[in-house]
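Geometric and topological summary
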Amino acid sequence: TSGKKSNSHRLEFKSWIPPLGILVAFVLSRVLYDQAGMRFQDDTYLGYWSYIDPELLYTDLWRSVLHLHSQPPLSNLFTGLVLQGFPDAHGEVFHSLYFIPGILLSLSIYLLGRALRFPPWLSALISTWFIVSPAAVLYEHWLTYAYSLTAMLTLAGVCLYRFLHTGKVLWGFLFFALLGGIALTWSLFHLVWLLGIAVILFVVSTEKKKVAIAA
């Protein structure tokens, strides 16, 4: 019995090695990119077409978000709250917060690879290769929603797999919550798109009640 427990602990520890390696690669790469001169571009994109005028984000956030109909509200709401909460240090706050989707994206790529039955080393290699690439780092240093949307879509794929694999409503709820966040961030992902995915899952799933509750 003790031998079986020891083997199970070893297998459990080994399963954590690839994700930990990905996180180490993420941290080291960001340190090296920072030393090489990579800086977060916040003010460059605040005047971009996808954002409300920065002055309004500072002074009239809620009414501006309410009356903007060309763009969903979530990105502007998030940006305005950071600007108002940290008026003198918003660049550093944005930079710190944008590491979160980077970490989630790297781990989600690994987990999706495992869901597709890739070997752990291959899933970790693909994730690491993507997350340390200059293009990924560049998007991580731009104040746009493209990088966050990529992380949300990838994580939604992981949650969908877990929902279908385990049948737990929590995973389904997280899947639909992420899709809702995406629809509230970029108008390309219209609410009809979200409804369509819910209908497809409801039709093909044998757990229709769980799909309905999660959605």
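What you are looking at is a predicted structure, and each value in this text was computed from that prediction instead of being measured.

A word on the pattern of salt bridges
Tallied over the full model, the rule gives three salt bridges. Two residues, R30 and E140, come together in a salt bridge whose shortest N-O distance is 2.9 Å. One end of the pair, R30, is in helix α1 (residues 2-35); the other, E140, is in helix α9 (residues 134-140), and 110 residues separate them in sequence. In this structure, the salt-bridge partner of D60 is R63, at a minimum N-O distance of 2.8 Å. Taking the relative accessible area as the measure of exposure, D60 reaches 22% and is therefore partly exposed.

Section: the packing of helix α7 (residues 99-115) against helix α10 (residues 146-166)
In the contact formed by α7 and α10, the axes pass within 8 Å of each other and the chain directions differ by 35 degrees. Here α7 and α10 pass one another in a crossing that is left-handed. Two secondary-structure elements touch here, α7 through P101, G102, L104, L105, S108, I109, L111, L112 and A115 and α10 through Y147, S148, T150, A151, T154, L155, G157, V158 and Y161. Within the contact of α7 with α10, the residues separate by chemical class into 12 nonpolar, six polar and no charged.

Observations concerning the environment of K14
By secondary structure assignment, the location of K14 is in helix α1. A residue is classified by how much of its surface remains accessible, and K14, at 55% relative accessible area, is exposed. The sequence separation of K14 and P120 amounts to 106 residues, and the corresponding C-alpha distance is 9.9 Å.

A look at the packing of helix α11 (residues 169-183) against helix α12 (residues 191-204)
The geometry of α11 relative to α12 is characterised by a closest axis approach of 9 Å and an angle of 160 degrees between their N-to-C directions. On the basis of the axis angle, α11 is roughly antiparallel to α12. At the point where α11 passes α12, the crossing takes the right-handed sense. Residues F175, F176, L179, G180, I182 and A183 of α11 form the contact with α12, whose participating residues are L191, W193, L194, I197, A198 and L201. Residue composition of the contact of α11 with α12, grouped by class: 11 nonpolar, one polar and no charged.

Considerations on α7
Helix length check: α7 (17 residues) gives 24 Å between terminal C-alpha atoms against 24 Å at 1.5 Å per residue, within 8%. For α7, every residue scored as buried is listed here: P101, G102, L105, S106, S108, I109, Y110, G113 and A115. Taken from the residues just after α7, R117 is the one with a positive phi, measuring 70 degrees.

Parameters and conventions
- Residues numbered from 1 in each chain as written.
- Predicted model: local features only at pLDDT ≥ 70, side-chain atom pairs only at ≥ 80, totals over all residues.
- Heavy atoms only, no water.
- Salt bridge = Lys/Arg side-chain N within 4 Å of Asp/Glu carboxyl O.
- Helix = DSSP H or I, 4+ residues; strand = E, 2+ residues; numbered from the N terminus.
- Buried < 20%, exposed > 50% of the residue type's maximum accessible area, 1.4 Å probe, protein only.
- Axes fitted to C-alpha atoms, helices over the stretch in contact; angles between N-to-C directions.
- Left-handed = near helix turned anticlockwise from the far one by under 90°.
- Contact = heavy atoms within 4.5 Å.
- Nonpolar A, V, L, I, M, F, W, Y, C, P; charged D, E, K, R; others polar.
- Parallel < 35°, antiparallel > 145°, perpendicular 65-115°, else oblique.
- Expected span 1.5 Å × (residues − 1).

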